[in-house]
Amino acid sequence: MEELQRALSDHGLAVSNSPDKGRCLFTTKDFSPGEVIISQEPYVSVPNNSSAASRCEVCFTSNNLKKCSACHFVWYCGSTCQKSDWKLHRFECQALVKLEKERQKSLTPSIRLMVKLCFKRKLESEKAIPTTVTDNYKLVEALVSHMSDVDAKQLVLYAQMANLVNLMLQWPDTNLREIAENFSKLACNAHSICDSELRPLGTGLYPVVSIINHSCLPNSVLVFEGRTAVVHAVQRIPKGTEVLISYIETAGSTMARQKALKEQYFFTCACSRCAKLGQSDDIQESATLEGYRCTDHCCNGFLLRDSEDKGFTCQECGLIRNKEDIKKVVGQVKSMSDKASILLTSGNYEEARSLYKTIEKLQVELCHPFSLGLMHTRESLLKIFMELKNWKEALAYCRLTIPVYESVYPGCHPMLGLQYYTCGKLEWFLGDTENSIQSFTKALEILRITHGTNTPFMKELLIKLDEARAEASYKFRPNDDE
């Protein structure tokens, strides 16, 4: 711990222990919005490969891939990545070759991550690979597993997964209990590695970044540059402040967020946003995000269940919606949403479009205009129209989601910035240069803080904004012939 403290102190950081939270990461200097607080390479990582899409084991690209000639399971984009991974992969490669093809189908990213973790630990103990202060197995040992909080069903699953890992390792002295406990650590501490537009690419374990605790109103954001985890400040963080990121999707009611955190991370959040649970503002937020709309379409009031539990009363105008009528429509929406999701996942875009349009029509009558359910339906329709290359309809749905994004996300949130960026690209493609400049500018104001300015993604955004401005300047310049 002393070595880690010294290494972190060079970056203006320190680890502290709290009776309520355990380890915490604090600043020992001021950080400005957009400034990198900490970055870390993964201790171990795996791509999210499937039969439909494969990625390079090292850089996660999907271009120019070739399978490892020995195991025929792992993909590489070229010799550079393959050579850099060979010290670790040669052991997994041997294990994969011995494994039956049917067993290989059971190798989830979590199991492969665990196999890599075991091999890397072994190589470290044999001093076959170098370690650093921020890249060693002791940091993994220090992670919390929450094994005492895990239910019996999950413990059985961890035991089964540990047995599959043992089958691959074929070591005489494998500690199955430790492997099962490490699976629990991965569940609480591993991160989904995403691209710049927050699309998941793989999973990685970042033991130092994992020290950072959660808040539903975080002062920092975790993004990825390739496989590198990078934490940016999203606001001014004074010296002596705890660094906080969000572990979950924060667009949700307090009860929904608390439920998600309790189920996956085994704690109850006590941030300033969650402290409002049950207060009038929180009740209104929940009723807006997850509740129903007033039957008077000119009224934007939120509805609460009446005292006799027969219906829902608008808190603005007093109109009542019948409970049974609502229950009937909710059932229809649920049934159709399940079918639509399957159609969308399987690539049946035309059928999915038709079904989601029907769902949207029902939700417009059922849900508050700022409800998350309606927003998610419109997000799905946006995705569908993008796939169908119907840019005009895609832009219409993108614009419908933005007011809700502005309501449910803080002003400097990557999801909001990315939605502005999508809107700008569609507007520019459709020739609406003036509005595209506004959208690109709004995107840049947010994403330069959450993503930095030196990544290929951000450079592309800056180029698009410059090109849109140049196009607008050309369009509106005085005619020389007049």
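Within the element layout of this structure, L107 appears in the loop between α3 (101–104) and α4 (109–125). A relative accessible area of 10% means that L107 is categorised as buried. Along the primary structure L107 and C398 are separated by 291 residues, whereas in three dimensions their C-alpha atoms are 37 Å apart. Excluding its chain neighbours within four sequence positions, the residues that come into contact with L107 are F73, L96, L99, R112, L164 and M168.

This brings us to the packing of aromatic side chains. Per the stated rule, a full pass over the model turns up 13 aromatic pairs. Judged by centre distance (5.3 Å) and plane angle (85 degrees), the rings of Y421 and F457 are edge-to-face. With Y421 in helix α14 (residues 414–429) and F457 in helix α16 (residues 456–475), this residue pair connects regions lying 36 residues apart in the sequence. Exposure class is identical for Y421 and F457. Each is buried. Measuring from ring centre to ring centre gives 6.3 Å for W428 and F440, while their planes differ by 80 degrees; the resulting arrangement is edge-to-face. Residue W428 is located in helix α14, and its partner F440 is located in helix α15 (residues 433–450); the two are separated by twelve residues in the primary sequence. Owing to a relative accessible area of 0%, F440 belongs among the buried residues under this scheme. Taken together through their ring pairs, the aromatic side chains of Y421, W428, F440 and F457 make up a single cluster. Here the basic side chain of K29 rests over the ring of F31, its NZ or CZ set 4.9 Å away from the ring centre. Over the ring of Y43 we find K120, and its NZ or CZ is 4.2 Å from the ring centre.

The next subject is the side chain of S210. Residue placement: S210 occurs in the loop between β8 (200–205) and β9 (213–214). Of the polar contacts made by the side chain of S210, one reaches the backbone oxygen of N189; its length is 3.1 Å. In this view, S210 contacts L143, N189, H191 and Y247; residues no more than four positions away in its chain are not counted.

Conventions we followed
- By convention here, each chain's residues receive numbers from 1 onward along its written sequence.
- In view of the model being predicted, local features appear only for residues whose pLDDT reaches at least 70, and side-chain atom pairs are presented and counted only at 80 or more, with totals across whole chains, interfaces and linings using the full set of residues.
- Computation of side-chain values covers all heavy atoms of the structure but excludes hydrogens and water.
- Secondary structure counts use DSSP, requiring at least four H or I residues in a row for a helix and at least two E residues in a row for a strand, with both numbered from the N terminus.
- Burial classes follow relative accessibility: with a 1.4 Å probe on protein chains only, a residue under 20% of its type's maximum area counts as buried, one over 50% as exposed, and anything between as partly exposed.
- Any two residues having at least one pair of non-hydrogen atoms within 4.5 Å are treated as being in contact.
- Two rings from Phe, Tyr or Trp (for Trp, the six-membered ring) form a pair when their centres are within 6.5 Å of each other. A pair whose planes differ by under 30 degrees is stacked, one over 60 is edge-to-face, and the rest are tilted.
- In this scheme, Lys NZ or Arg CZ marks a charge over a ring once it lies within 6 Å of the ring centre and within 35 degrees of the ring normal.
- Counting of polar contacts relies on pairs of N or O atoms within 3.5 Å, with two restrictions inside protein: one atom must be capable of donating a hydrogen and the other of accepting it, and residues adjacent in sequence are counted only when both atoms are side-chain atoms.

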